[in-house]
Structure formats: C-alpha cells, structure tokens
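# Descriptive analysis of the structure
Each chain is listed here by its residues.
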Protein chains: 4
Amino acid sequence: MSEKLRIAVCGATGYTGFELVRLLLNHPKVELAALTSQQSAGKKMSEVLRSVAGRCEIVLEKLDPKALAKKADFAFLALPHGEAAETAAALLEAGLKVVDLSADFRIHDLAVYEKTYEHHKAPNYLKEAVYGLPELHREKIKKARLVANPGCYPTATILALAPLLKNGAVSHDGLIADAKSGVSGAGRKADLAFSFSEVENGIKAYGVFTHRHTPEIEQELSGAAGAPIKITFTPHLIPMNRGILSTVYARAKNGLSTADLSALYRRFYEGEPFVRVLPEGVPPRTQDVAGSNYCDVSPIGAGDGRVICLSAIDNLVKGASGQAMQNMNLMMGYPETAGLEGFAAVP
Amino acid sequence: MSEKLRIAVCGATGYTGFELVRLLLNHPKVELAALTSQQSAGKKMSEVLRSVAGRCEIVLEKLDPKALAKKADFAFLALPHGEAAETAAALLEAGLKVVDLSADFRIHDLAVYEKTYEHHKAPNYLKEAVYGLPELHREKIKKARLVANPGCYPTATILALAPLLKNGAVSHDGLIADAKSGVSGAGRKADLAFSFSEVENGIKAYGVFTHRHTPEIEQELSGAAGAPIKITFTPHLIPMNRGILSTVYARAKNGLSTADLSALYRRFYEGEPFVRVLPEGVPPRTQDVAGSNYCDVSPIGAGDGRVICLSAIDNLVKGASGQAMQNMNLMMGYPETAGLEGFAAVP
Amino acid sequence: MSEKLRIAVCGATGYTGFELVRLLLNHPKVELAALTSQQSAGKKMSEVLRSVAGRCEIVLEKLDPKALAKKADFAFLALPHGEAAETAAALLEAGLKVVDLSADFRIHDLAVYEKTYEHHKAPNYLKEAVYGLPELHREKIKKARLVANPGCYPTATILALAPLLKNGAVSHDGLIADAKSGVSGAGRKADLAFSFSEVENGIKAYGVFTHRHTPEIEQELSGAAGAPIKITFTPHLIPMNRGILSTVYARAKNGLSTADLSALYRRFYEGEPFVRVLPEGVPPRTQDVAGSNYCDVSPIGAGDGRVICLSAIDNLVKGASGQAMQNMNLMMGYPETAGLEGFAAVP
Amino acid sequence: MSEKLRIAVCGATGYTGFELVRLLLNHPKVELAALTSQQSAGKKMSEVLRSVAGRCEIVLEKLDPKALAKKADFAFLALPHGEAAETAAALLEAGLKVVDLSADFRIHDLAVYEKTYEHHKAPNYLKEAVYGLPELHREKIKKARLVANPGCYPTATILALAPLLKNGAVSHDGLIADAKSGVSGAGRKADLAFSFSEVENGIKAYGVFTHRHTPEIEQELSGAAGAPIKITFTPHLIPMNRGILSTVYARAKNGLSTADLSALYRRFYEGEPFVRVLPEGVPPRTQDVAGSNYCDVSPIGAGDGRVICLSAIDNLVKGASGQAMQNMNLMMGYPETAGLEGFAAVP
C-alpha cells in the first residue's frame, strides 16, 4: 500500500494535462496513478509527451470514474467544460478530492454560467466549489473537496487589480484589462487559426467585448471590491508559446505615485510565495515567469490619478496546472510550494 | 541628364534606410543618387543589405550636404534626431525637398519638442514643416518642401482615433492606446535588450506614462478634435519583427454599435488608398499589412458607450519608409500609390 | 475585350495560391480572371486573404475546367497531386497553357512517379511536360504548353549542385543535401503537427531517407551530370514561416578552393536574373531572399576535396509561385523578371 | 557551519551562469556561496536575473580567487577562455574543485589548443583535467579535481557518433555533422548579428570548415574509435532560443537497418540516466529536451550502408550548465541526477 497520494489526471494529453504530468512527476508527496485520454487511450504517456520518456511509462486509459475511484485519491480534471462537471460529480461521490481546471465551477451564479457557457451538468456542486485563487481564498481552499481552478486571464488580471479594489484605492468605473497571451492557451488541437504559419510574425485581438473570461474576472473583482464591478477585457494572441501579460488600467481616487502603489502591493502580497511585486517601475516580462508558478506584478502611477498595473504569468503554470497543484498542496496540507520550486529558464 | 528624380537617402543602413532603398529601387519615377552611412561609408550598399544584391551597387558615402546637393533633388532623412534637423536645414537651403523620418519637425511647439527630445537645431523650419500624415494633411503635404514623417505608433494610433474625434463621437477624456510593436522599431543596433535571446518568447511593456511619442499623438488628436486632447499611451514589445497593433479605448457619447462605427469610419476614409476599414467586427492582423503601406482599422462598439478601435500597420512601411515615399509622391505630383502597390506576403 | 492575359489560379486558397495572387495582382501583363477553391467557393478572395483587400474582390468558384476555359488563357494549378494531373489534361485540351505546381508532371519516369506518389491520372502528358527550372531548361520552357513547376527543396538543392555536376567537378558518390525549411511548406491546413505550439522553439528532421522530393532531385542531377546520381536528402522543419536553406556536401575530384568554386559558379550563373552567387565565403541567409524570387548560392571549398554549397530560397516564391510566374513569363514571351522585381523586406 | 557544499559561480551573469544559478538553487546538497560578475558587481543577482527574484538575493562580486577560496568549496567557471584557465589554476591551488565550462582544458594537445584558441595560460593542468562527458569518462570524472565541461555542439555530436565508432560499425571516412543551434549559444551580449531583427525568420550556416569545436569533437571521436578521426562539422543558427540538433552522417561497413542501429545504441546507453534512445525511426525534437539535461538520440539506417544519427540537447543544460552539475554530482559522490530531474516544459 502506497503512502503517496495517488493522483488521477483526467485529460492528460492536452497542454494543461501535459503540464500537470510534468509537475506531478517531481512532486515529493504524490504518485501518478491514472492518466486518461479519449483519443490516445492505449498508448503510453511517453509516446504522446516524449519529454517525460523514461520517467512516465503509464498507459493512457479512457475516462471511467468508477475505475479511477479505485486507483486514485485525488483527481485533476483537464477536460472540456460540461464533461468536467459530470466527471467531478462522479469522482466526488466516490470520495475523491477534485481540482477542476475547466470553467464549470468557477462561476457561482448558475444563470451567468449558463449564459456564458452552456447548461450546467452538476449545478448542485456549485455552492460547495471554491474558487482556487490562493491569494484571495486560501483558507476556504484548505477545507475544500472541490476547487475550481481559475482561468489564465482571470489569474493575471485579478492579481493585478485585487490590491487596488480591496483597498478602495481606485474608481469602480472604467476598468480595462488589455491582455496578451501566448498560443498554448488555445490548447492542443488541429486548428488552422493556431497553425504556426497563421500566428507567427503577427498579433491580433479577439473576442473583443465578448470573451468568456469576463464574468469570471468580474465575479472575483466584485468580491474584492465588495460591490459589483464591470471591466472591459480585451485579449490578444501573440507569437509565443507561453505567457500572459495583463495591462490593467484604473483611475485612482487620488494621485497615487508608483511608490505609493508599490507599498500598497507589497503589503497586500506580503508572505505570498508566488506573487512577486517588482521593484518600483520595473515592468514584468513573461520570460521571467515562464515554466514557473510565479506571478510578477508591477503597479505604476502617473501621479494624476492614472494607474497601470502590469502582471505576468505562465498561462499553463500559475494560469492553470501549477496553480492547480498549489491548490492540491493546500487541500492536502502539504507545503504550499511543494513541487513548484522551479524557475523560468532564461533565456 | 536624367529625367528621373534623383534621390538621396541619408542614413541608408538603419532599418528605415533599408526599407527606403527596398521601396525606392522599384519606384518608376526615381533613381537612387546617393546613400549615406557614417559607419559603412566606402562599402557598397549591397554588402550591408544583401537582399538588394545585383540591383544596388551604389557605394555608401559620408553625409555631406553640399555634396548631396549636387547629386540629388530630393532627400529622405533616416537619421537620429538632432542630426536630422541640421541636415534638413542644409539641404533645404541647397534647394532640395526633404522628408525627415526623425522626430525633429513633428512637434509644432518648440517647448514641447525640447522637453521631449533635446535642444532643437533648426527651429526656424518648424513652422514650415508639414506633419506627413496624408489622411489628415494631404493638401499641405502636396505643397510642402519639408515634411515631418510621422512616428510609427502615432500613425497607427491617430488613424484609429481621428474619425471619432473629428466627428465628435467620443469623449475627450480617458483615451487609452495600448500598442504592441515588433522589434524592428528599435532600429538596427547592437543592444542586449533587443537581442534575440532577450526578446523571443516574451512580452513586456515599456515607457509606461513616459514614451516620447505621446506628445506627437496628442498634437494630432488635438488638431482632429479641435480641442486639447490627452491620451494614455502604453507601448509593448512583442516577439516579431514588423508590425504595430494599436488597441484604442474610447467612450462614445452615445451607445454606438459596431455598425454605426463602421459606417462612420468608411465615410471618413472613403477614397483613401492605404486605409482599409475591415468588415464589421473583423479584427486586423499585423500579418496582413506587413511589408505593405496599408493601415487596417476596425472599430468595435459595445453598444453601451464603450468603443475599441484596432489598427494595424507595418511600422517600417506605413509607420516609416512607405509613408515617407507616399509623402514624396504627393510632394512631387506623382500618383500617390506609385511604388507602394505591394501586398503583405502571407504567411 | 481585354488585352491582358487572362489567368486562372486553381487552388487559390492554399499558401502557393495566396502567393500566386499576391504576385499576379502586380504583374503588368496579366489579369486575374478566375480563382478556384473547393472549401471557400462563394466567398470573395479578400475574405480569405485579407492582405489583398481592396484590390482583389473576385469571388472564388468551384473548379470547373470547362467554365475556366471560357474565362482564361493561362492556368496555374496549385492543387493536390492527382487532382492537378486531371485538371491539367482538361485545360490543355481546352487550349490553355498550364503551369502545374504539383508533383504530377515533374517525374519523367512513370514508374518512379507511381512508386513515389500514386497512380498517374494523365500519363500521356508526361512526355510533353517540361521541368520548369529556367536555369536548366529555359529554351524548352519557352516553347512549352505544360510546365511542371519544381518542388521547393529540389529548386534549392539542384541550383546548389548543378554547376558542380555539369562541370564534372565532383564525385557522383556520397552527395548529401541537408535541408532546412520554414513551416509554410507544409501548406495551409489544420494539423496539430504544424500548430504554433508544436513547432515554435524547436527543430526536427523528418522523412529521413524517404522524402518524396528525392527522386525529383536525382532526376535533375542525373540530367546535369549525364549519369545516374543518387543523393541523401534530409529535410528539417524549423520555426520560421518562409525559407529553405540547403546545405549540400560533395567531394571534389581535386582540392577546389572557395575561389575556384566561386569562379565556376559565377560562370555557370552568368546572366541569370534570379541566381546570385554571393561574395566568396559569405553564407546566404534565407532572410535576404524571403518574399523574392532570388536564389542565393555560396560554394565553399576546404581545399582538401571537401565542398559545401549553401543555397537559400523562399520556398513559396522561387520554390513555388514566383518560379511559376517566371515560367509563365518565359512561356508567354514576357520579360523574364516581369512582376518579380521585389526584394526581401529586411528585417 | 554549513553542511551543504558551498558553491562559487564565476561569471554568473552570462547565460551559462544564469543556468547554473537556476539549477543550483534547487539542488538539495549545495548552497550558493558566491557569484561573480565583472560588469554587474555590486548588484543583486535577482536584479540581473529576475526569474530568481525572492530566492537569490546574493550580491554579485568581482572575481577574486583568494576571496572565493574562503567562501567556497567548489567552483564553476562560466568565463571566457583564457580567463578561465588562470582562474582554475588559482582555485585549484587554493584547494577547490573546479568544473570549467570554457574550452581551456578540453583539448589535451597543447598545440591544437593554441592553434584553435590562443596561448594557454595554465598548461600544467592540461594533463590532470578530465573531459567531462560522463557517458564516456564517468570513472575519471568521479576522481577529478578539474573537469573540462564539453562544448554544446561536441556533446550532441559525440553522443550521436560514439556508439558507432566504439563498436567499429562505421567507416572513419566522410563523417559529417550538420548541426543547428538556437541563439542562446552565442551568449549574453550586445551584438547586432544576434539581435532579434537579424535572427528571426531566417537561417544561415557559419564557421563552415573552420568552427573551433571541430578539434574537440575529433579528439573525443578519435578516442572512441581508437584511431584518428576527422569530421566535417557545419553549424547553423536558427531562430529559437535553446536547443541543438546534430544530424550526423556516417557510412556503415554493412547495411545496418534502423533496428540494428537501435539495438546497438540501446546497449551502448543502457543505464545512462540522461541519454534516451528514441523508439525506432522517431526523430528527436529539441522541444522535448529544452530545459532538461536529456540528450535524445535516434539512429536511422537506410539499409544500404548509409546511417544518419540525430541527436537533440538543450545547449545550455546538457550542452553546458546541466552537464556541469552532473559532473559536480559525480565528483562529489552525489546521486548523478540530483537537481537534474526536471523535464522540458512542452509546449
């Protein structure tokens, strides 16, 4: 009988699945017990993800919650929304703890979820689910059975704005997040729009005024502000694999300087293991967080009320699988940074 | 005696110089008469820019306005600011027409120029110089001896906002331009910050609240609005060679729809050879303008007052050398599109 | 009644089709009469290829040789092999001249074609078809009705080796071409293997000892040598859009120096408008030919018999659509460089 | 008093220095005691390498062997050649063990070193130094005080060819290594040739017949073969940050199949923790080793005597700093894989 926590990764052959496998293989407290994939069932994980060859010869299996419940104590769901909700329900009923990386349990308001995504397949778990941003909800996460892992854009944007809204430092009106993402955020799939030839050497915006991460961001910012918050969120696709930079625009109630803002952010994030407030005026680079679980933030004040906060994450780590593992650490009482000590490889 | 217009390119071995040579070599009305370079004088142009080998064996020479005045009728200045002003004065006095690609004559207000750049070396020409954005100042350009070619960020941003401000459609407050540029905008130089290893796979903002293109943008937007305009301008560096995307945020006085905006932009740019208003809701891609003199714009309205206008240019063509040649065409009475018929090579 | 040559592009919405449209729109002697696309029929070309918006509002149509024969005098086939052969036959019978960019008529030996590709659908035209590499077969091309446009790798590799083999300067044994291609060579399609996330930041070889361009290269090298030639051809995929570099290894019968080789290549390519022999010892860069119809070659000798010849092309221009237009120019008696005067945009 | 091994990294602000710091910070048996930098002395490491902010606040110091000898037990030299030799001598005399990442002690033959590089500054240590490729010299490394860490190209190329030469499976004549490297191999410096704008979107060869890694490769291959070996080595620069692919051409004495070769390589590398022989016929991708210490190799036989072996490494890890740490592990009796368990982050 194993003393390590037995892990199932459902949806192991997408990019967030890849990243979970990469990180979990070097986590000291866990072992991979089951990996699922609809398309690659029967193959070894290392045939699909050659980077782990020699260290992960597990055979991929079809997703069967009952079978998983016998092998695993804890599950990560890297599945499409809808499918995630159903699977989460089945695994929770079988006694597993679950971190769901899909959007299914992020939105507390069922109507908002169903307007944004689709008919919800396990609405009775919505109330129990905890939004898995440790910097805002650490204590709830520690006690949760079901954690809804935040989206990548929301992670970067909420961490940029929460200190301002929690401290009542900025107007609730006119908030803008102009975000730029690498291509891995689109997932692992055959799609002309994300082919190298289409993406390289160019940039475009997409989902202007309509991106599905907007309600998720607004929910959490509203919680931070204690009042309903609206935000204009504009994502862009840029020619790199990993990374999100969110450039957030707000208006301070008085003319905060960069020094004022820096002090405010340092207080807010004091003791946080994965949020780094950069030296005053230094803009974050996504290169410096790629592959790591860090979020680098840097608030800048014009002195006349205008405030820009820049935040950088790796969309697959702090924006997905690394944060999911951070949540597991909290849920299981492990050191919060276990398995997440790696740095960006620069350059 | 030649019947073609004899051209001097001063500063032919930077990237805007390269681009002038590339474009001028295929212009039907002109011939290259002199190319200058401080560092590469004595070499053939084709040794520095191998892409034109076999078609441009001119030997680079040191910059000497008197010598140039004997060989050339028209000069493009792709020189550092300061040096450009001095050279422009000398060439104008010798009877040449000049398009200056530096910032030296873009800012009408001497005090603003000197605060933003440095002591001005030819202030007596400020009044005569015409800001070379044909879409706003075509008639003046036609009569000008000295044209100040716009900056790359200003070109993209002004073309995105001018229709709104000229039509009084948006509030003058809270304008934001979040711009993203390829690396060629930094010029041709040895600089660790722009080395491949530092730039690839990442994005960062720079010059937050302080970039020198801000006063230039504000001057032209103020002219368009007929009132003083301030804008928050945030440039970003992204891992591609060519292209600028400017994402401009404004607030309409009433809830303009995308259809309303599209109609407004189409009227404004009707007949313009190089501004393309995209179909409603289609976001521009820098890929589709790279290497060409086009500016693709696409305004999008949320319906609740929020307006985003996206504009894409090639920073070295419409944002520099192509626009400079467009200005030459206007100044000389040539067809405005002569030599600028090329399209982006996609992919 | 038009005096321009009326052109049909069959398969206009792949990347070689895009490139034909880009180039033909600025060719002084031709007009686009019909563009076909199976998947996008009914759309305007400019909806699919936004870079030509405003200058190409032709509606895409399904491929119907009879309909095309009424509208067009000359056809480019940018179709999958097999489909190209059938279409070529129909169009030739209807009186059009044809440049086929597929592999269907490149291999003279039917058995070799059928082993390498598939059952040939128009073998009776094999004898008539001319291999469209102007540097080797210009006079035949001028008289041809049907030209088989060379493959991208073959173009780069044959131009690197032909001077050596034609002059009997190297051994016929042990020839190796280690070639590196940008991703656009894979075509415009949804395919995980060519998605940005899979290709960026990496390199791999593929088709080792088995790539289908090998027999085509060997056919032409055998013709140049006047004896059967075998070559080891290893293609690699690298993270850029356009460009092929072929690094060719040969063994000279005596210890040719770089100067000897350079002289030999200069003689061989004297007067060629699109092959540039670089200064001694200067290695070609694909950047310097991208977007243009040039092939830059540079032979280097170790002095002990070892010879390396490097050649660089744009796979979509000299390696496909530009060369196709060069062939059209020859077939129609136009200036060979008409419409192909453009240079690489550097950087 | 610390029980951890106290480490000095000399030259911590180049890319191999960065990588040493990244890896050593997570090594369980060591602690960073001193970091040197000529240009950045006085700054904190985290100001130069922001990726380690919060975890490495050491202040950079000028290189002073006497001062280092008091603080450190073990030194890595990431210094220019020449400077490395002098520093190594001083540190060895002070009792430290040294892994030198420069070329200074790689070449056993002083005359060859001095012809290839420069006057040697510590030739009396040449005999003692061990070439630090564990797969060939593990037992000597374990006992060494001074290890010469292999070059990046040599690591990839020797690991590709050693099994063939050690087994007498291929001819000694006509060996070719056509290698492709990412840009980080050029180091951290301001140099126009390695600026983003010059490198992106292109490929070129360099150092044809003259690259300084050739004698190093030949020395080790000669050792493996037990006879003098010559090789033609052609490096290329490609637009990615990390990774080397070496495509090695050899001629087997009999017609080895891929299966034969695969078996031979598996026997040769059995038990090696960092060399992975891929499944038959699967070409390695540099993406799958980037950031990790793995070397993926894949030999392919044409069956007619022609053999190609492909090998992929991360030039900064297995090709430099990771292998240096692997050597430290061997020299100190630590588990060979300590601190090197990380995988490539894919994508």
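Now for a description of the structure that goes with this document. (Residues numbered from 1 in each chain as written. Chains lettered and ligands numbered in written order. Predicted model: local features only at pLDDT ≥ 70, side-chain atom pairs only at ≥ 80, totals over all residues. Heavy atoms only, no water.)

When the parts of a complex come together, some accessible area is lost, and that lost area is often taken as the interface size. Across the boundary between the two partners, chain B contributes 38 residues, which contact 38 residues of chain A. At the junction of chain B with chain A, the criterion picks out four salt bridges. Secondary-structure elements contributing two or more residues to the side of chain B that touches chain A are strand S7 (176–181), helix H8 (196–199), strand S8 (204–205), strand S9 (232–237), strand S10 (244–251), strand S12 (295–301) and strand S13 (306–313) of chain B. The leading source of residues in the side of chain B that touches chain A is S13(B), at four residues. Of the residues in the side of chain B that touches chain A, the class split is 20 nonpolar, ten polar and eight charged. (Contact = heavy atoms within 4.5 Å. Salt bridge = Lys/Arg side-chain N within 4 Å of Asp/Glu carboxyl O. Helix = DSSP H or I, 4+ residues; strand = E, 2+ residues; numbered from the N terminus. Nonpolar A, V, L, I, M, F, W, Y, C, P; charged D, E, K, R; others polar.)

What follows deals with the interface of chain C and chain B. In this assembly, 30 residues from chain C lie in contact with 30 residues from chain B. With both chains or domains summed, chain C and chain B bury close to 2600 Å², and 57% of this area falls on carbon and sulfur atoms. Sorting the residues of chain C by area buried against chain B places Arg50(C), Phe343(C) and Pro347(C) first, and these three jointly supply 28% of that buried surface. Across the contact surface, chain C and chain B share zero salt bridges. Applying the counting criterion to the chain C and chain B interface returns 13 residue pairs in polar contact (both at pLDDT 80 or more). Element by element, the count of residues in the side of chain C that touches chain B is highest for helix H1 (residues 15–24) of chain C, at four residues. (Buried area = accessible area lost by both parts, 1.4 Å probe. Polar contact = N/O pair within 3.5 Å; in protein donor to acceptor, adjacent residues only side chain to side chain.)

This part covers the packing of aromatic side chains. This structure, assessed with the given rule, holds 30 aromatic pairs over all chains. On the basis of an interplanar angle of 50° and a centroid distance of 5.3 Å, the ring pair of Phe74(A) and Phe76(A) is categorised as tilted. Note on accessibility: Phe74(A) and Phe76(A) belong to one class, buried. Geometrically, the ring pair formed by Phe274(C) and Tyr294(C) is edge-to-face, given 6.0 Å between the ring centres and 65° between the ring planes. (Phe/Tyr/Trp six-rings, centres within 6.5 Å; stacked < 30°, edge-to-face > 60°. Buried < 20%, exposed > 50% of the residue type's maximum accessible area, 1.4 Å probe, protein only.)

Residues and elements named next belong to chain C. Counting buried residues in strand S2 (residues 30–36) gives five out of seven residues, a clear majority hidden from the surface. Taken together, the six bridges between strand S1 (residues 5–10) and S2 define a ladder with parallel strand orientation. Paired with Val9 across the two strands is Leu35, which belongs to S2. With respect to chirality, the unit in which S1 leads through H1 into the neighbouring parallel S2 is right-handed. (Pairing = 2+ DSSP bridges. Right-handed = clockwise from strand over helix to strand, strands pointing away.)

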